[in-house]
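Below are the chains, spelled out letter by letter.
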Amino acid sequence: MSKLAHIKEIQRRIALYDDESAYKELFCVFYKPLMRFAHTFCHSYEMSEEIVSDVFISIWQRRTTLEEIHNLKVYLYISTKNTALKYLLKQQKQVSITIDDLHVELESHYNNPEQLMMTAEMLARVEQAITHLPPRCKLVFKLIKEDGLRYKEVAEILGISVKTIDNQLAIALAKIGKALNVNLKKIVKF
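Please read all numbers here as calculations on a predicted model, not as lab measurements. (Residues numbered from 1 in each chain as written. Predicted model: local features only at pLDDT ≥ 70, side-chain atom pairs only at ≥ 80, totals over all residues. Heavy atoms only, no water.)

Section: the overall build of the protein
Here's step 1: Each helix and strand counted, the protein has nine helices and zero strands in total.
Here's step 2: Listing every helix and strand of the protein by position from the N terminus yields α-α-α-α-α-α-α-α-α.
Here's step 3: For the protein, the residues scored as buried account for 41% of the 190 residues in total.
Here's step 4: Long-range pairs, those at least 24 residues apart, make up 68% of the contacts in the protein with a sequence separation of at least 6. (Helix = DSSP H or I, 4+ residues; strand = E, 2+ residues; numbered from the N terminus. Buried < 20%, exposed > 50% of the residue type's maximum accessible area, 1.4 Å probe, protein only. Contact = heavy atoms within 4.5 Å.)

Here we look at the packing of helix H8 (residues 151-158) against helix H9 (residues 162-180)
Here's step 1: The contact between H8 and H9 brings their axes to 8 Å, and the two run at 110°. Relative to H9, H8 is oriented roughly perpendicular. Contacts between H8 and H9 involve Tyr151, Lys152, Val154, Ala155 and Leu158 on the former and, on the latter, Val162, Ile165, Asp166 and Leu169.
Here's step 2: In terms of residue class, the contact of H8 with H9 is built from seven nonpolar, no polar and two charged. (Axes fitted to C-alpha atoms, helices over the stretch in contact; angles between N-to-C directions. Parallel < 35°, antiparallel > 145°, perpendicular 65-115°, else oblique. Nonpolar A, V, L, I, M, F, W, Y, C, P; charged D, E, K, R; others polar.)

A closer look at the confidence of the model for the protein
Here's step 1: In this model, the protein carries a mean pLDDT of 86, and residues with pLDDT of at least 70 account for 81%.
Here's step 2: The weakest mean pLDDT in the protein belongs to helix H5 (residues 113-116) at 56; the strongest belongs to helix H3 (residues 45-61) at 97. (pLDDT = per-residue confidence, 0-100.)

As structure tokens, then:
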């Protein structure tokens with residue numbers, strides 16, 4: 001069963017049967033990525049926990065209508081973004097927050113054999129290059145490469161065009177490639 005089909009099945013079990021074990025499974029699948037995503041907005045782990053908890057509480061409260069949601073993964077990310085922005089507006093009284101104002105932290109996933117073969121020096125250069133990416137590039141790179149979202153999903157979550165996502169990822173890969181003196185190519189996932 002594909003990951004998407006598995007999420008759809010969890011979604012169906014929650015909506016139709018009030019299945020708490022399916023709800024816990026959904027929570028386990030999305031908690032960490034949503035925490036990282038919320039943290040890009042609020043820079044506070046405590047607030048990120050509150051935000052993600054609120055999103056999951058809302059999912060449970062609206063479980064009877066859960067099957068009406070076409071793409072639950074995108075819905076969770078958008079809900080997390082909107083909840084984070086509401087928290088920020090309430091707490092900091094900020095009027096506008098742009099993607100460029102966000103601080104993005106990337107989690108390392110260097111566990112497959114190809115990545116383990118990278119030298120420590122190359123790994124440091126990659127991490128250094130990622131750290132110096134502009135905020136929007138870093139966020140797009142994180143959502144696509146780390147969280148495994150498709151271009152269209154990221155565009156929907158961030159409220160920008162797929163072409164902008166494509167351009168930002170191309171910029172990120174070019175800057176990382178330049179730091180490594182290699183030509184990195186993007187794999188398009190629309």
